[in-house]
Every structure is written in structure tokens, then in C-alpha cells.
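Residues per chain are reported as follows:
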Amino acid sequence: MAENLLEVNNLKTYFFTRAGVVKAVDDVSFSMQPGETLGVVGESGCGKSVTALSVMRLVATPPGKITGDILFNGDNIMDKNRDELTELRGSKISMIFQDPMTSLNPVFTIGYQIAETVKRHRKDLSNDQAWKRAIEMLDLVRIPDAKRRARNFPHEFSGGMRQRVMIAIALACNPQLLIADEPTTALDVTIQAQVLELMKGLSKEFGTAVMLITHDLGVVAATCEYVNVMYAGHIVESAPVKQIFETPAHPYTVGLLHSIPRLDDQRGVRLNPIAGQPPDLLNPPPGCPYAPRCPKVQLRCRQERPELKPVGRGEQVAACFYPD
Amino acid sequence: MTQQIETPVATGTTLIDVKGLKVHFPIKGGLLGRTVAHVKAVDGVDLFVRKGETLGLVGESGCGKSTTGRAILQLIKPTAGSVKLNGVELTTLPPGEVRKKRAEMQMVFQDPYGSLNPRFTVGQSISEPLVNFHKGNEKAIRDEVAHLLEVVGLNPAFVNRFAHEFSGGQRQRIGIARALALRPSFIVADEPVSALDVSIQAQVLNLLEDLQEEFNLTYLFVAHNLSVVKHISDRVAVMYLGRVVELADSEDLYELPLHPYTQALLSAIPVPDPNVEARRKRIILEGDVPSPVNPPSGCNFHPRCWKAQEICREVIPPLEEKQSNHFAACHFPG
């Protein structure tokens, strides 16, 4: 196997709040190969975004506290100081956020904001060259009339175009890893299709690995090779995308797949929702976090927390005592 | 010359009949605050809802689907057109009469956080419509609220709690209980599950289906998520830029969409199945939805349509029955 691009070992991100300790990410380990597309799925509050922010070391500390190892190309990101982190962010690892309206600075032109990123990491380039690169990137993300549009401000772009500008900024320095946190959630489906298509094409072209965080299983099926399913701060299942959908092992994954209406469903099929609510992370249940909602729960599940273990189908692992 | 949809012959089966509905919002500008232009949010919508069915209304943001829902309930005054509830024209009714009609038509809102008064207990929120319409004495109303809570799957003991003590899914149940309080026959549900997580979304969808059966409800289900709409609807109307472009039985619409916009919309939705995804051909639309202030001439989809001809730029295609019970507004359907 090729060397891991990213290796996360025993990552714990806790937030110390007045109400108590919130274990947003609790002992998460996973790895990514160069050029791979990894989907991270789960419902709100499951820790998928905090995992991504932790990898970038973008969690405010305090109140947050990150422990564990995050190896990027073999280097531990946890050991890096502020300057080294700034060097890394935007050049080797970059990130796209959900809301393209707030991630762009409203008082600078689009071209300036792309060129700024380029210049920050490529000191050898002149202003002119950085500006040229900005236009090149806008062309690449298929903004029509890029030369003129580079002089426009963010408010002159639509939501989908702003997200494409974000992609242009993120890819301007040819990063090895792109973290996309719900990049299409704020967009309409036809625009989502445009943006996903673009991300897929560009990551293939440049060999960029993509960590795609989403709650939409359809998006995962359409774009990812590998999937981590998260629940209440833990990875509960991890497998190649086909296995997640064909032979899900963890009851939570099964429940999730049964509770979404599908476009190709027959009429009159009743949804099979997961009972109850996700747990309060201030006060998680002992044992398996999914136990209170799990249809297959046994006494053991309420006492012990299951570790991720192979379920006998190649690379597929699940954190469950009684996997399917 | 716009050909309007023929209401089914047995008018007794039609609960809501909308013809030529328009809602234009003025844009004020200049020194004198004069109206300089109009946002044509809804620009000639024809549709009808049969008794006991669920009509899904889908489209992308800004296509006018929510405004249509609100204009049908007279929460927004329509600029033009007619809305009939059980044969009674609502647009010309005096405000007092419209208020009386509200007992028959209710709404469930998208944002369960924003649509409940934070200073009201759940009991107060649900009983408010009952009190307003003088439905019995204090004791009767209290019993009714407890009953309604039970009906939507909440513990009647929660009656004195406040909205913030509930999760999103539970709050949406409270909103549904309030909408049900007056035993309406027609409910407009505006994106009722889009703020919820998938596992909770399924619970609320099932609840809506159960209630429809129990209370003989007719729904107008407004949403942007086509998978959800297909799941819950008998028929689906697709809107684009203020007009209905296609209206058909949900099976027909999804299997054989006639309007190019519907085709593109359906193909853009990812299906949670990697095998299906690997085989699918996607129609990627160019560009964005034009501004409703200054919509394109003729068929307003023509700038993004791959089939557009000269006639599409000039003539607005009427919503016509192209196949039995399958309406589309396109010069070159199929």
C-alpha cells in the first residue's frame, strides 16, 4: 500500500464549557491515501466538521483541546507551531466551507483574494503573475469571462459561483488535500451537480485527495471512494463506498439508509426511521453511543464501547458487537 | 390565449383550484421611493389539488414555490388570479370572511425554531387557534391540546414546557399539532422537514402520512428536495421562475419527465447507491436561474435549455395536457 497522505490516530477534540466537557470527537482514527476521495457522513453534531477543523488545527484552544496524532506526509501536525501551520494551510491542505457568502471578504475583489493566497505561498511570483494565476484559476472553475469577473466583488456573484470561487482559492496552490465541509449544502440541486462535477474533475486532474464532509448520502454515493460514518463523536463504520451501501454493517448505517426517501423508490414504500434522538454529548450514554436507539441492542452494548473491527468483508470495519 | 388547465369534470373532488395566480412585489427606489420595478415571484400559476391527495410543489430557491403556498392561503395578497377553496373564491373575500376560512386551511412552516413563540408554553401555542375560534371552554381546550399532543407523538405531560426545551423534530411536531387544532381540511406544509436531520426527517414524514389518513387531510407539500416530495406526493408540480412548468402523477413525472427543466432537475439529484450513480448520465445545466425582476422573454427557461428554438424566445408555452393527466409547459416536450 502506498504511504498514507493523512493518518489520524486517536484524535480527541474536547470542548471545556461551563456546562461540562463536550467530547465532540472522541478517539477517532483513520487514514487517507494520496488522491483518494473520502466521504465523512453523519447527522448534525456527530463531530464530522470538528474532525476536519482539528486536522487543520482550526479549533480554538481553549475552550477546545485536541489530543492525538495527525500525520500529514509523515509529519505530525500536532507538533507544528503557528508559522508552520500557516505555511501548511492553503498550500498543502486547504478547505472549503459550507457558506460561500461568509467565507469571502466582501471588501476585496475576487481576483485579489485568489492572488493573495497564491502570493502568500509562492513568494517568487510577482503581483502580475499572481493576478494571472487568479484569472487562470477562475477559468478553470468555469467562471465565464474570467478576466473581467476577477475585478468583481463577492456580492456580484451568485451562490454557486461563489462556491466555485472558493474552490479556485482552495486549489490555487495545488494542495495535496482538500477538505470540503458541506460544500454544496447551501446550493440548489442543479448548482450542486455543477459544483460536484467540477470538484471531481479537478481533483482527478491534479491528484488532490478530497475529504468531503456531508450529511447527504446521495452526494457520497456520487463522489466518494471511501466512507467514514460518524455518530456522537465516534467513527462507527468505515468502508469502501460500495460496501457502505450494499452491505452496511453497523445498525446506525443501516438505519440511516432506511430512513432516506430515494428517487428510485417504488410508490407507497414506508420510511423506516431511526427511533429517538441523537445523544446529548455533554452526557453520552455509557457503552455504545448508539445503544439507546439501536434495534439490536444487548446488555453488553450498554456497558462496553465497541471498537472498530473488521467484519470479515475486506476493508470494511464497524464499531459494533453484533454487526450485520 | 393562455390555455388554462381544465379542472376535472367532477368538481366535487377538487378542493383547491388556482388559476392565473400572480404575486408581484414592488421594488421601491429613487429619491421619492417610487416603484421602479417588480419582482415577479409568482407569474401565472395554474394548479388544482384534489380532495385527500398530496400535491408536491418543487423547484429551486427563488422559483416562487413558497410564495405560491402563502398566496393560496391569502397570507400574501395575490396581485392577480383566482384561488378557490371548495368552490369559494378567496381572493375577493373581505378580510373577516378570509379569517373564518382559516379554520379550514392551515400552514406548517419550515423553521420550527422561528415559528413558535419562545415565551409561550407548548400548551399556549397549540391552544391559541382554539381560543381564537372559540372552540369550547377552558377544560375542553385543555383536553383537546392533550389529545393533539398525543396524536403527533408527544407526551401530553410536556404541555407546560417551552419551545426551547424540545429538539428540532419535536418542535416540528408541535407546529403540526397547532396546524391540526382547528381540524382543517387543507394544509400547506412549507419545507416541513428540510431543517431536520435525516433520521428525524423520516419520523416526521411518516407522521404526516398517518395524519393524512386519520384526519382526511389534503396537503400542498412545498419542498426543494425531490426525493422527499416524490415519497410523499400523489402528484407533483414543478416550478421554475414563477411558473408551473410541469404537473403530473409523481410516478409519471419521475419516470417520464416531459419538460427539459424537470429532466435536468431529476438528473442532478444524487441517488444513494454507488452502482446507480456510476451508470447515470447527468444533465448539467449551464449558468444560474435568471432574476425574477427581469425574466427572459417567451419560455423563461430558454436561456438554459438545450432544446431552445426561435419560438421559445418569443412565445410563452402554455401548460397543456400532453399526455393523460400529465401537463407540461414546453414547445418541444419529451
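Reference entry: report on the structure contained in this document. (Residues numbered from 1 in each chain as written. Chains lettered and ligands numbered in written order. Predicted model: local features only at pLDDT ≥ 70, side-chain atom pairs only at ≥ 80, totals over all residues.)

Brief notes about helix 1 (residues 48-55) of chain A
Residue and element names in this part refer to chain A.
Inference 1: Extensive coverage of helix 1 is indicated by the burial of 8 of its 8 residues.
Inference 2: Turning to helix 1, its buried residues number three or more, namely Lys48, Ser49, Val50, Thr51, Ala52, Leu53, Ser54 and Val55.
Inference 3: In the stretch just after helix 1, Arg57 is the one whose phi turns positive, near 55°. (Buried ≥ 20, exposed ≤ 12 C-beta atoms within 10 Å, placed from the backbone. Helix = DSSP H or I, 4+ residues; strand = E, 2+ residues; numbered from the N terminus.)

Description of the packing of helix 3 (residues 110-121) of chain A against helix 6 (residues 159-171) of chain A
Residue and element names in this part refer to chain A.
Inference 1: Where helix 3 meets helix 6, the closest approach of the two axes is 8 Å, and the angle between their N-to-C directions is 25°. Taken together, the axis directions place helix 3 and helix 6 in an arrangement best described as roughly parallel. Considering how the two elements wind past one another, helix 3 and helix 6 form a crossing that is right-handed. Judged by residue contacts, Ile110, Gln113, Ile114 and Thr117 of helix 3 engage Val165, Ala168 and Ile169 from helix 6.
Inference 2: Residues belonging to the contact of helix 3 with helix 6 are distributed by class as follows: 5 nonpolar, 2 polar and no charged. (Axes fitted to C-alpha atoms, helices over the stretch in contact; angles between N-to-C directions. Parallel < 35°, antiparallel > 145°, perpendicular 65-115°, else oblique. Left-handed = near helix turned anticlockwise from the far one by under 90°. Contact = placed C-beta atoms within 7 Å. Nonpolar A, V, L, I, M, F, W, Y, C, P; charged D, E, K, R; others polar.)

Some details on the sheet that holds strand 4 (residues 64-72) of chain A
All names here are of chain A.
Inference 1: Strand order in the open sheet formed by 4 strands is 2-1-4-5, and the pairing between neighbours is antiparallel. Of all strands in the sheet, those with a lone pairing partner are strand 2 (20-32) and strand 5 (75-76), marking the two edges.
Inference 2: As defined by bridge partners, strand 1 (residues 6-17) adjoins strand 2 across 10 bridges and the pair is classed as antiparallel. Along strand 2, the bridge assignment pairs Phe15 with Val22. (Pairing = 2+ DSSP bridges.)

Regarding the interface of chain B and chain A
Inference 1: Taken together, the contact between chain B and chain A spans 34 residues of the former and 36 residues of the latter.
Inference 2: Counting only elements with at least two residues in the side of chain B that touches chain A, the list comes to helix 6 (198-215), helix 7 (226-232), helix 8 (250-255), helix 9 (260-268) and helix 10 (274-279) of chain B.
Inference 3: Per-element tally for the side of chain B that touches chain A: the top contributor is helix 6 of chain B, with 6 residues.
Inference 4: Of the residues assigned to the side of chain B that touches chain A, the class counts are 17 nonpolar, 9 polar and 8 charged.

Remarks on helix 5 (residues 168-180) of chain B
All names here are of chain B.
Inference 1: With 13 residues, helix 5 extends 19 Å from end C-alpha to end C-alpha; this agrees with the ideal 18 Å at 1.5 Å per step.
Inference 2: Along helix 5, 12 of the 13 residues are buried, which leaves the element largely enclosed by surrounding structure.
Inference 3: Listed as buried for helix 5 are Gly169, Gln170, Arg171, Gln172, Arg173, Ile174, Gly175, Ile176, Ala177, Arg178, Ala179 and Leu180.
Inference 4: Its buried side turned inward, helix 5 meets strand 6 (105-108), helix 3 (122-132), helix 4 (138-151), strand 7 (186-190) and helix 6. (Expected span 1.5 Å × (residues − 1).)

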